[in-house]
Amino acid sequence: MAHIGFIGLGIMGTPMARHLQNAGHIVVTSKFAIPPRQELLDNGLQFVETPKELAETVDTIILMLPDTPEVKDVLFGENGVAYGLSKGKLVIDMSSISPIETKEFARKIRETGAEYIDAPVSGGEVGAKNASLSIMAGGSEASFERALPLFQLMGKNITLVGDCGDGQVTKVANQIIVALTIEAVSEALIFASKAGADPARVRSALMGGFASSRILEVHGERMIKRTFEPGFRISLHQKDLNLALQGAKALDVSLPNTAATQELFNQCVANGDSGLDHSGLVKALERMANHPVA
């Protein structure tokens, strides 16, 4: 049993922290964080005043925040985590943020004598609740081995990709694949529906062939049943594709289909759909076709 710091107790962070509590760890958060859910309070969630005090209190601090600016603020803002660190402490950032900024964050944290791992996740709210997240880590071998028992409480497919920043690179690559596959499934189901076929039966048939995928299974069903309650919001996937396109520009790489899919996310946001699950991308194509999947 250990005291684990956790900042970012939102849709993803809450079930992740709950798994740590269920394993016997005491989870401590900072009042900087959003108000925690009752389930964490009922299971003994503890508080300190600032991220700095949190870093002074515990040896391991986990971050699960929406974007790069929030991580930077928690780490290096007034009374930030960095000012409470010392040799032997470990910072684990499980947010999905800029790989370029991550490398700079890691350098600054290591200057304090502490260690840093970027460990973004894939699997959405369902994966967080089921402790089945894919975790893509960047950091030293020693830091990864130290963090691994905690990762194993939250996920199943856990990979040390390389040094700091490589976990975020992997997450961006993941988000490119997921976004483009959602777009492909959307196109296929709209085509089938407008041609007069039953999209549910088309999806069922495709699940038995080479086109089968987890996204066709889960997100295709959401498109047909019109269940767009967010497991992973459009606004967050839009943010991740921005990271991809910014990185591509810095690397002189062309990502034409990523750019096109981002435009569809942009259309969704312009039409008030930013809070929908990212399977709601289908709505952009439905508007263009003047035809709903179902």
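Note that the structure is predicted; figures quoted are calculated from it, not measured.

Scanning all chains against the criterion turns up 14 salt bridges. Ionic pairing is found between Asp198 and Arg201, a salt bridge with its closest N-O pair at 3.9 Å. Of the residues examined, Asp198 reaches a relative accessible area of 38% and is grouped as partly exposed. Note that Asp240 and Lys239 form a salt bridge whose closest N and O atoms lie 2.9 Å from each other. Across this residue pair, the class does not change: Asp240 and Lys239 are buried. Overlapping salt bridges bring together Glu104, Arg107 and Glu111 as one network.

To continue, consider the layout of surface pockets. Using a probe with the size of a water molecule, rolled over the atoms, empty space left in the structure can be pinpointed. Size it by volume and the largest pocket reaches roughly 1,000 Å³. Lining the largest pocket we find 44 residues, and of these Met12, Gly124, Glu125, Gly231 and Phe232 sit closest to its centre. For the lining of the largest pocket, the secondary-structure elements that each account for two or more residues are helix H4 (68–76), strand S7 (121–122), helix H6 (124–129), helix H8 (166–194), helix H10 (214–225) and helix H11 (234–251). Of the residues in the lining of the largest pocket, the class split is 18 nonpolar, 17 polar and nine charged.

At a minimum axis separation of 10 Å, H11 and helix H12 (residues 256–270) run at an interaxial angle of 150°. Between H11 and H12 lies a crossing of left-handed hand. Listed contacts from H12 to Ile234, His237, Gln238, Leu241, Asn242, Ala244 and Leu245 of H11 are Thr258, Ala259, Thr261, Gln262, Phe265, Asn266, Cys268 and Val269. Grouping the constituent residues of the contact of H11 with H12 by class yields eight nonpolar, seven polar and no charged.

Criteria and cut-off values
Residues numbered from 1 in each chain as written. Predicted model: local features only at pLDDT ≥ 70, side-chain atom pairs only at ≥ 80, totals over all residues. Heavy atoms only, no water. Salt bridge = Lys/Arg side-chain N within 4 Å of Asp/Glu carboxyl O. Buried < 20%, exposed > 50% of the residue type's maximum accessible area, 1.4 Å probe, protein only. 1 Å grid on protein atoms, 1.4 Å probe; cavity = no way out; pocket = protein on both sides within 12 Å on 5 of 7 lines; lining within 4 Å. Points joined across faces, edges and corners; volume = space filled by probe spheres on them. Helix = DSSP H or I, 4+ residues; strand = E, 2+ residues; numbered from the N terminus. Nonpolar A, V, L, I, M, F, W, Y, C, P; charged D, E, K, R; others polar. Axes fitted to C-alpha atoms, helices over the stretch in contact; angles between N-to-C directions. Left-handed = near helix turned anticlockwise from the far one by under 90°. Contact = heavy atoms within 4.5 Å.

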